[in-house]
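One-letter residues, chain by chain:
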Amino acid sequence: MPAVQETVERVKRIDVDQYRYGFETLIESDKAPKGLSEETVKFISEKKNEPAWMLQWRLEAYRRWLTMTEPTWARVDYPKIDFQDLYYYSAPKPKKTISSLDEIDPEILKTYEKLGIPLREVAMLEGVEPKVGEEDPARRKIAVDAVFDSVSVATTFKAELKKAGVIFMPISEAIREHPELVQKYLGSVVPTSDNFYATLNSAVFSDGSFVYVPPGVRCPMELSTYFRINERNTGQFERTLIIADKGSYVSYLEGCTAPQRDENQLHAAVVELVAHDDAEIKYSTVQNWYPGNSEGKGGIYNFVTKRGDCRGDRSKISWTQVETGSAITWKYPSCILRGDNSSGEFYSIAISNGYQQVDSGTKMIHLGKNTSSRIISKGIAAGKSQNTYRGLVTAHRKATGARNFTACDSLLIGDKCGAHTVPYIEAKNSSATFEHEATTSKISEDVLFYCIQRGLSQEEAVGLVVNGFVKDVLQQLPMEFAVEAQKLISISLEGSVG
Amino acid sequence: MALLEVKDLKVRVEEREILHGLTLTVNEGEVHAIMGPNGSGKSTLSHVIAGKPGYEVTDGQILFKGEDLLEMAPEERAAKGVFLAFQYPVEIPGVATMNFLRTALNAQRKARGEDEYSTPDFLKKVREVSKSLNIPQDMLKRGVNVGFSGGEKKRNEVLQMALFEPSLCILDEMDSGLDIDALRIAADGVNALRSPKRAMVVITHYQRLLNYIVPDVVHVMSKGRVVKSGGKELALELEASGYTQFEAA
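Please read these numbers as outputs of a predicted model, since none were measured by experiment.

Trainee: What am I meant to see in the overall build of chain B here?
Mentor: Across its full length, chain B holds 9 helices and 12 strands. Over its C-alpha atoms chain B spans a radius of gyration of 18 Å, differing by no more than 12% from the 18 Å that the globule rule assigns to 249 residues. Viewed in the frame of its principal axes, chain B has a C-alpha envelope of about 55 × 40 × 35 Å. A burial count over chain B gives 54% of its 249 residues as buried. Here the contacts in chain B between residues at least 6 apart in sequence split such that 68% fall between residues at least 24 apart. Surface exposure of chain B reaches about 10,600 Å², of which carbon and sulfur atoms provide 48%. With 31 positive and 35 negative side-chain charges, chain B shows a separation of 4 Å between the mean positions of the two kinds.

Structure follows, in structure tokens:
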């Protein structure tokens, strides 16, 4: 497939500095009062019809948060955030309870159309209830739990998932419908006291996804959530919790876009994954939030805490991320390798252009015996951006036979950007085997000229070379995301050379 | 008919003039050899024709099929039929050779307003050409020139030349880094591409290559100018007596 051609056409359709997803949807919304207080927390909890224990949990987090200070160790630089100048909750006003896609506000559906998210199409093509025996295994199914601003407005495929016993719903619903599961697992991987942003999230999280896959079940489809920040000045605090019970498997895709804004928008999500014995969770992200304009104004601040707990023996958690957006990215999807013989993976492509700042990486915490982890990180810095890989690999005293392989490659485009690698490696027992490889290279004029002499334009040449550079990671993505990601990579690097 | 006309070309690199008024005419169907010592400006000429950045043309002109070549972007020149076989072909990790060939070929066809090749047509064409050049299929699955031997890299250049069907082929020091066997294979590939509509400019230090690719015209370059032109026997003369006698004053 001549993906490069397609990419270039897409790039050409976009005017410089015109973020493709920079539009607003005009719908009424239901807002919490500005600022953060116990009242705000209560307002959110009330809006969600939450049980008392949940409100208590939030309030404890809020009180804890008041005692904490913002972390400053990351290699990012931004004006101080006034947490009292933000709205912490906003939801599209539902006209009535929604039972099918047709009942969704047409404005919202239109937004999804512009984003190229085939929610309606998926529903029509796949039908809600496919007839038994007619299922085409070649056609991969994707269930979409669409998050519009802070409330999930549509959930498809519920019926089929239900048949398999998989619970996939907005977390606000799960709190009401499956309190025993939520109470057992929420905060068990990222405790409310974990870090400044995670604690903030615990106090004010609005919605997110909840997934539970029962023992021995292989989730029959890829699960997918699309996040979108729409309300002016609204912090977005997603909370996602995925539990794979013994011997189960689930693959979850997350993709994000946000409209163009002058004010900076704060995003502080928390994602918790729990894998029991022999279970496997694959979590993929393509993130292309608004990175700010060509002068570095605006853009999303993305302070995310993502962590997976390989709680059971032989469990496996794999993170794959393609990060191209946001003005500031502060994100370290991590694995706690608690179970014996458990394994963790982190595959990452982080692209920064313009004035973007990325400080991202992973933590692999080896606690169990014979645990293994693998880190493949590809950082691409262009324009005036700064791109930092920060990673921790550690083996506990009891984690005998722990193994890690890390490869960090950085590619520089132009001479005004920076790439930094900050690996922390600690082995507390002598049987651990840790390998670390790192390279930094500059996209060479000779390579570009070679491609151009063969008929490619400058942008096509950069897209081709960069897609080659990140190939190892792209291959880890589910097919439908890999193609999207490839396009996104070229689009993000638009105007980075020359 | 004249395919390439270089007229009184003056070129600078960072304030230093490398070509001091070079004139050269290459007609369709002809093979020209350009010989000369290191630093005589041979590679500069090839780079300027292909449009490599970093060179400043201060005077003169280059016409290609009667059009002003210097007005065209480098990728436009490629689409119009200018092909440069590199002395040191670059490696592009992670980009399969097959994918690269197809992307480039389709980019050129699109620029000319032609239809892009369909997958089966393209594969058929690549198979044909690679077979004639003794290029195994698995080499095409590897990253562009990654882990290729010197001979394989040059054969890959010839493969592209055969696929893209350019009307002007510039071969920059094609013999560098090749043993005799590899040189013969590459030269056979080039010879198979000789045609009445296609011209070639073969840049080399040594006469050796010209035993395999026999030129119609030989030019001797020295200090940024063509100082002597003649038939193929001029190359033999150079081999015997060296460049000193031709050195420009």
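There is more to say after this.
Trainee: I tried to follow the overall build of chain A on my own but got confused; where do I start?
Mentor: Within chain A, the regular secondary structure consists of 13 helices and 23 strands. Taking all 498 residues of chain A together, the buried fraction comes to 62%. Of all intrachain contacts in chain A linking residues separated by at least 6 positions in sequence, the fraction that spans at least 24 positions is 84%. Per element, the accessible surface of chain A, about 19,400 Å² overall, is 49% carbon and sulfur.

Trainee: Mind showing me how you'd approach the sheet that holds strand 6 (residues 82-85) of chain B here?
Mentor: All names here are of chain B. Reading across from one edge, 6-9-10-3-11-12 is the order of the 6 strands in this open sheet, with mixed pairing throughout. In the strand order of this sheet, the two ends are held by strand 6 and strand 12 (225-230), each with one partner. Pairs of neighbouring strands in the sheet enclose a mean axial angle of 20°, with direction left out of account. As paired strands, strand 11 (residues 217-222) and strand 12 are joined by 5 bridges and run antiparallel to one another. Across the sheet, residue S222 finds its bridge partner in strand 12, namely R225.

Trainee: Is there a simple way to think about the sheet that holds strand 2 (residues 16-27) of chain B in this case?
Mentor: Within a sheet, each strand pairs with its neighbour through backbone hydrogen bonds, oriented either parallel or antiparallel. Residue and element names in this part refer to chain B. An order of 2-1-4-5 is seen for the 4 strands of this open sheet, with the pairing classed as antiparallel. Each having just a single partner strand, strand 2 and strand 5 (67-68) make up the two edges of the open sheet. Pairing of strand 1 (residues 2-13) with strand 4 (residues 56-64), which is carried by 7 bridges, proceeds in the antiparallel orientation. From the neighbouring strand, V11 faces strand 4, where its bridge partner is V57. Contacting strand 1, strand 2 and strand 4, helix 1 (residues 42-50) runs over the sheet at an angle of about 110° to strand 1.

Trainee: Whenever I open this one, the packing of helix 4 (residues 119-132) of chain B against helix 6 (residues 150-164) of chain B confuses me. Can you help?
Mentor: When two helices pack together, you describe them by how their axes are tilted relative to each other and by the distance separating the axes. Residue and element names in this part refer to chain B. Running from N to C, helix 4 and helix 6 cross one another at 130°; their axes reach a closest spacing of 10 Å. By the angle class used here, helix 4 and helix 6 are oblique. In this structure, helix 4 crosses over helix 6, and the sense of that crossing is right-handed. Residues K125, V126, V129 and S130 of helix 4 form the contact with helix 6, whose participating residues are L159, A162 and L163.

Trainee: Would you mind going over the interface of chain A and chain B with me for this structure?
Mentor: The figure often quoted for interface size is the accessible area lost as the parts come together. The partner chain B presents 33 residues to the 23 residues of chain A that form the contact. Carbon and sulfur atoms supply 65% of the area buried between chain A and chain B, which totals about 2,200 Å² over both sides. Three residues, F449, Y450 and R454 of chain A, lead the burial of chain A against chain B; their summed loss comes to 35% of the area buried on that side. Scanning the region where chain A abuts chain B turns up 2 salt bridges. The shortest N-O distance in the salt bridge between E157 of chain B and R454 of chain A comes to 2.6 Å. For the side of chain A that touches chain B, the elements supplying multiple residues, two or more each, are helix 1 (3-13), helix 10 (445-453) and helix 11 (458-469) of chain A. By residue number, the principal contributor to the side of chain A that touches chain B is helix 10 of chain A, which donates 7 residues. When its residues are assigned to classes, the side of chain A that touches chain B shows 12 nonpolar, 6 polar and 5 charged.

Trainee: Just checking my understanding: could you explain helix 4 of chain B for this structure?
Mentor: For an α-helix, the turn length of 3.6 residues means that residues three or four places apart are oriented alike. Residues and elements named next belong to chain B. Taking 1.5 Å per residue, 14 residues should reach 20 Å; helix 4 reaches 20 Å between its end C-alpha atoms and fits that length. Of the residues making up helix 4, those classed as buried are F122, K125, V126, V129 and S130. Summarising the axial view, the buried residues of helix 4 lie within an arc of 120°, below the 170-degree limit, and thus occupy one face. Looking at helix 4, the residues exposed on the side facing more than 90 degrees away from the buried face are P120, K124, E128, K131 and S132. Where the residues of helix 4 are buried, they touch helix 3 (97-111), helix 5 (137-141) and helix 6. Following helix 4 by one or two positions, N134 adopts a phi angle in the positive range, close to 65°.

Trainee: Just checking my understanding: could you explain helix 1 of chain B for this structure?
Mentor: Residues and elements named next belong to chain B. Buried residues dominate helix 1, accounting for 8 of its 9 residues. Listed as buried for helix 1 are K42, T44, L45, S46, H47, V48, I49 and A50. Following helix 1 by one or two positions, G51 has its phi on the positive side, about 90°.

Trainee: Looking at this structure, how should I read the pairing of strand 1 of chain B?
Mentor: Regular strands have side chains that alternate between both faces of the sheet. All names here are of chain B. Relative to strand 2, strand 1 is paired through 9 bridges, and the arrangement is antiparallel. Bridging across to strand 2, A2 finds its partner in N27. Adjacent in sequence and paired antiparallel, strand 1 and strand 2 are bridged by 2 residues, among which E14 carries a positive phi angle near 45°.

Trainee: Honestly, the side chain of T204 of chain B in this entry has me stumped. Any pointers?
Mentor: Residue and element names in this part refer to chain B. Mapping T204 onto the fold places it in strand 10 (residues 199-204). A relative accessible area of 0% places T204 in the buried class. In terms of polar contacts, T204 uses its side chain to reach the side chain of D175, at 3.1 Å. At a separation of 3.1 Å, a polar atom in the side chain of T204 contacts the main-chain amide nitrogen of Y206. What T204 contacts, discounting residues up to four positions off in sequence, is I34, M35, G36, K42, E173, D175, L209, L210 and Y243.

Trainee: Just to check I follow, could you spell out the UniProt feature "domain: SUF system FeS cluster assembly SufBD N-terminal" (unreviewed entry) in chain A for this structure?
Mentor: As annotated by UniProt and renumbered to match this structure, "domain: SUF system FeS cluster assembly SufBD N-terminal" (unreviewed entry) occupies residues 162-218 of chain A. As annotated, residues 162-218 of chain A comprises 46% helix and 16% strand, and the C-alpha atoms at either end are separated by 13 Å.

Trainee: Where do I start with the pattern of salt bridges in this structure?
Mentor: Think of it this way: side chains of opposite charge can pair up when their charged atoms draw near. This structure, assessed with the given rule, holds 32 salt bridges over all chains. Among the ionic pairs, R12 of chain B bridges to E15 of chain B, the shortest N-O distance being 3.7 Å. Using a relative accessible area of 64% as the deciding quantity, one classes E15 of chain B as exposed. Salt bridges sharing partners connect three or more residues here, namely D309, R311 and R338 of chain A.

Trainee: How do you make sense of the packing of helix 6 of chain B against helix 7 (residues 180-192) of chain B when you look at a structure like this?
Mentor: Residues and elements named next belong to chain B. Close contact between helix 6 and helix 7 brings their axes to 10 Å; oriented N to C, the two are set at 5°. Considering the angle they form, helix 6 stands roughly parallel to helix 7. Along the contact surface, helix 6 presents G151, R155, V158 and M161, while helix 7 presents A182, I185, A186, G189 and V190. Here the contact of helix 6 with helix 7 is composed, by residue class, of 6 nonpolar, 2 polar and 1 charged.

Rules of the game
- Residues numbered from 1 in each chain as written.
- Chains lettered and ligands numbered in written order.
- Predicted model: local features only at pLDDT ≥ 70, side-chain atom pairs only at ≥ 80, totals over all residues.
- Heavy atoms only, no water.
- Helix = DSSP H or I, 4+ residues; strand = E, 2+ residues; numbered from the N terminus.
- Rg over C-alpha atoms; globule rule 2.2 N^0.38 Å.
- Buried < 20%, exposed > 50% of the residue type's maximum accessible area, 1.4 Å probe, protein only.
- Contact = heavy atoms within 4.5 Å.
- Areas by Shrake-Rupley, 256 points an atom, 1.4 Å probe, with all protein chains shown as cover.
- Lys, Arg positive; Asp, Glu negative; His and termini not counted.
- Charge placed at Lys NZ, Arg CZ, Asp CG, Glu CD.
- Pairing = 2+ DSSP bridges.
- Axes fitted to C-alpha atoms, helices over the stretch in contact; angles between N-to-C directions.
- Parallel < 35°, antiparallel > 145°, perpendicular 65-115°, else oblique.
- Left-handed = near helix turned anticlockwise from the far one by under 90°.
- Buried area = accessible area lost by both parts, 1.4 Å probe.
- Salt bridge = Lys/Arg side-chain N within 4 Å of Asp/Glu carboxyl O.
- Nonpolar A, V, L, I, M, F, W, Y, C, P; charged D, E, K, R; others polar.
- Expected span 1.5 Å × (residues − 1).
- Arc of directions from axis to C-beta.
- Polar contact = N/O pair within 3.5 Å; in protein donor to acceptor, adjacent residues only side chain to side chain.
- UniProt positions renumbered as here; feature names shortened; annotations may be inferred.

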